[in-house]
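# Structural description and commentary
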Amino acid sequence: MEETNISEIPALDLGRLGEQLYKFLLSDAIAANPLQVNCFFSEETLIVVIQYSQTLKLQKAATFSCVREFLDRQGSSALYPTEIYLTSEEPSSFLKNGTVDHEAENMMSIPRQKKRPSLPKPPQAKQLALFQENNLHFPILSPSTLPDYFRTKKLLGLGLGLGILAITLYGLSDPCITGTCPSLSQAKFLINSSLLVLEPDSSSSLLATKQKLSEARVQLQSIPWWSPYRSQANALDSEAQTILKDIDLLNTAIASGNQATLLMQKSSLSIPEWQTVQSLLTKSIKQLKQLPTNSQFQAFAIAQSQQYEKALLASNQRLQQEQLANTIYEEAMKIGRVAKVQENMAQSIDDFDKISATWKKAIQFLENISQGTTPYDKTSKFLDLYGQAYKAIDARKKNEALAEINLQQAIQEAQIAEKSEQSQQWSLAVSHWKNALVYLKQIPDNSFQSTKAKSLSIQYNLSLNKAQANFKNANRLQFIKNNLAKICSQENKACNYSIDKNMIKVKLTSSYLQQIWDLSIQAKLNANIKEQADILNHLARLEQSFQMISNQAKIPLAVYNSKGNLMTTYRPISQN
């Protein structure tokens, strides 16, 4: 028999291959859950046997396709001719490469991509070390899971021989049975290095730690139960599980802390949001304190807990600030509403003083709201509105004060006008009535004094008209007096006069009458026509003057002699 050079055969860990294929099938929804997977060589062919509880209910074509995909990915199908079997304890349930196998008919193999040298026969005792070095595993295949193909008469001897050989080689070729167990060493290295990558102030290193621990557990679980290193593997696996449990606790705490930190990065938070932050931080701190005191992550947990406690203290302060800001904001809104009610009910300048003080108080409340709180963003709008309201009230208060001053000035001017009328100083009365009306016109229509100002304006206008009429009459009377004085002063006091409301009385003096009489007699005796004419002209002019005065005064003028006897009466003649 030709002997094959084992060193030319690429190493293939059949046990590892079966374990990885088993996990791959578990993760595939179509392939369902196999009971076990066995891989071994028969001459030059890689045999893959997958046992299910029932094969008839499988999606067989999809399952074979799934296995082929895995083997192609691993590269084993390119190196070895490969046969795939699905089996169960059910009768006629053995499927080979996707079809029922009847005496190995229609066998389908994955096409090889490259010529694989012939595998050696099952090793003798002297060849055991060589197969261990190449890490060739022949897993145990129970008779109940063997396909009918291997229980046929034709291949029965070959199947039993291969099974016994596989059992022997699989039990003796694992390094952890007779060697130094590199899986255990690798697991120790991964566990120790996992703690080295952990940084006390960084949660990102937890993921790297967890990955190394998970890899270590895979190495430990690959050690057979009959290995002398199994007890050490169990202890290390328990240690890794404990550390992973601590990491899960840390991850849960950090997740809550990160959520709180993310919330705190917002420019402003409402009261419920700050309460959520506090709840998350409190939860994180509580979880971190649940970590065992002997845990390798105590330094990390303490650093995170201190960080979260500082954040919790800051959140407490910000929550109080937010609560105070909301209280101040609501109080400012309440004061603003009070100010508006006061405006609607205002009736005097004193009321405006109160309203102005109320608006000022509301503005001061808004100015005390801290930046970084939710009400702060709304304060600018209401500060503008309240500021405008305050300025409007201040302007109205000034207008009311000016209106009050104008009203008082108008009343004072009216009082002076009335006193002037009493002394018949009509010119002065007219001037003060006009001043009073000017002051009243300066009072705005929306002022509290506007109603009173309108009423006084009507009254003062009537008084002004009356004063102007009296002033006109007084001027006319003065003119009449001047004319009468001029007439009566001639000829050595020709007459006396008196003027009342309805009549002008002129009383000629006896000396004036005697003088006119003497001049008339003398001129007549002297037959002095000129003198007689002058006397008649003088008397005619006197009569014209009396008539003119009556016309101007619009009242009758009566002329009396020195004895008081009525001589004649001149009545006013209408001037058309």
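Residues numbered from 1 in each chain as written. Predicted model: local features only at pLDDT ≥ 70, side-chain atom pairs only at ≥ 80, totals over all residues. Heavy atoms only, no water.

## Quick look at the overall build of the protein chain
A count of helices and strands for the protein chain gives 18 helices and nine strands. Looking at the protein chain as a whole, 40% of its 576 residues qualify as buried. When the accessible surface of the protein chain is summed, it comes to about 32,700 Å², and 52% of that surface belongs to carbon and sulfur atoms. (Helix = DSSP H or I, 4+ residues; strand = E, 2+ residues; numbered from the N terminus. Buried < 20%, exposed > 50% of the residue type's maximum accessible area, 1.4 Å probe, protein only. Areas by Shrake-Rupley, 256 points an atom, 1.4 Å probe, with all protein chains shown as cover.)

## Some remarks on unusual backbone geometry
Located in the positive-phi region is Q424, a residue other than glycine, with phi close to 60°. Mapped onto the secondary structure, Q424 falls in the loop between α14 (376-422) and α15 (426-441). Judged by its relative accessible area of 59%, Q424 falls in the exposed class. Residue A527 is not a glycine yet carries a positive backbone phi of 55°. Examined against the element boundaries, A527 turns out to sit in the loop between α17 (510-525) and α18 (529-553). On the accessibility criterion, A527 (53% relative accessible area) is exposed.

## Thoughts on α14
Given 3.6 residues to a turn, an α-helix orients residues that are three or four positions apart in the same direction. Under the 1.5 Å per step criterion, the end-to-end length of α14 is 68 Å for 47 residues, consistent within 8% with the ideal 69 Å. Residue F382 marks the point of greatest curvature in α14, where the axis turns by about 25°. (Expected span 1.5 Å × (residues − 1). Bend = angle between axes of the 7 residues up to and from the residue.)

## Things to note about the side chain of R230
Relative to the assigned elements, R230 resides in helix α10 (residues 230-264). No salt bridge is formed by the buried R230; its nearest oppositely charged neighbour, D237, is found at 5.7 Å. Within the structure, the side chain of R230 is placed 2.5 Å from the backbone oxygen of I223, a separation counted as a polar contact. The contacts of R230, once residues within four sequence positions are left out, are L220, Q221, I223, P224 and W225. (Lys, Arg positive; Asp, Glu negative; His and termini not counted. Salt bridge = Lys/Arg side-chain N within 4 Å of Asp/Glu carboxyl O. Polar contact = N/O pair within 3.5 Å; in protein donor to acceptor, adjacent residues only side chain to side chain. Contact = heavy atoms within 4.5 Å.)

## Focus on the packing of helix α1 (residues 14-27) against helix α2 (residues 60-74)
Two numbers describe how α1 lies on α2: the axes approach to 11 Å, and their chain directions differ by 135°. If you check the angle between α1 and α2, you find them oblique. Every pair of crossing elements has a handedness; the one defined by α1 and α2 is right-handed. Residues L17, Q20, L21, F24 and L25 of α1 lie in contact with α2, whose contacting residues are C66, V67, F70, L71, R73 and Q74. (Axes fitted to C-alpha atoms, helices over the stretch in contact; angles between N-to-C directions. Parallel < 35°, antiparallel > 145°, perpendicular 65-115°, else oblique. Left-handed = near helix turned anticlockwise from the far one by under 90°.)

## Section: the pattern of salt bridges
In a structure, side chains of opposite charge can pair up when their charged atoms sit close to one another. Using the criterion set out here, one finds six salt bridges in the structure. The shortest N-O distance in the salt bridge between K397 and D353 comes to 3.6 Å. On the criterion of sequence distance, the pair formed by K397 in helix α14 and D353 in helix α13 (residues 349-367) is long-range, its members being 44 residues apart. Relative accessible area serves as the criterion here: at 38%, D353 is assigned to the partly exposed category. Across the pair K398 and D394 runs a salt bridge, and its minimum N-O distance is 3.6 Å. Residue K398 and its partner D394 are both found in helix α14; the two are separated by four residues, about one turn of the helix. For K398, a relative accessible area of 57% gives the class exposed.

## Considerations on the sheet that holds strand β7 (residues 504-508)
What the four strands build is an open sheet, ordered β6-β7-β8-β9; its pairing is mixed. Each of the sheet's edge strands pairs with one partner strand only, and the pair in question is β6 (495-499) and β9 (566-570). The average undirected angle you get between the axes of adjacent strands in this sheet is 15°. (Pairing = 2+ DSSP bridges.)

## Overview of the packing of helix α11 (residues 271-289) against helix α12 (residues 298-345)
Contact geometry for α11 and α12: axes closest at 9 Å, N-to-C directions at 160°. It follows from the interaxial angle that α11 and α12 lie roughly antiparallel. As for the relative orientation of α11 and α12, their crossing is left-handed in sense.

## So, the pairing of β7
Regular strands place their side chains on alternate faces of the sheet. Side-chain alternation along β7 places I504, V506 and L508 on a buried face and K505 and K507 on a face that remains uncovered. Of the pairings in the sheet, the one linking β6 to β7 comprises five bridges and is antiparallel in character. Within the sheet, the bridge partner assigned to I499 lies in β7 and is I504. Sheet topology places β7 next to strand β8 (residues 557-560); four bridges connect them, and they run parallel.

## Here we look at the state of the cysteines
By the definition in use, this model includes one disulfide. Covalently, C488 is tied to C495 through a disulfide, its sulfur atoms 1.8 Å apart. Here the S-S torsion is close to -95°, and the disulfide linking C488 with C495 is therefore left-handed. Accessibility classification places C488 together with C495 in one group, the buried group. (Disulfide = S-S within 2.5 Å.)

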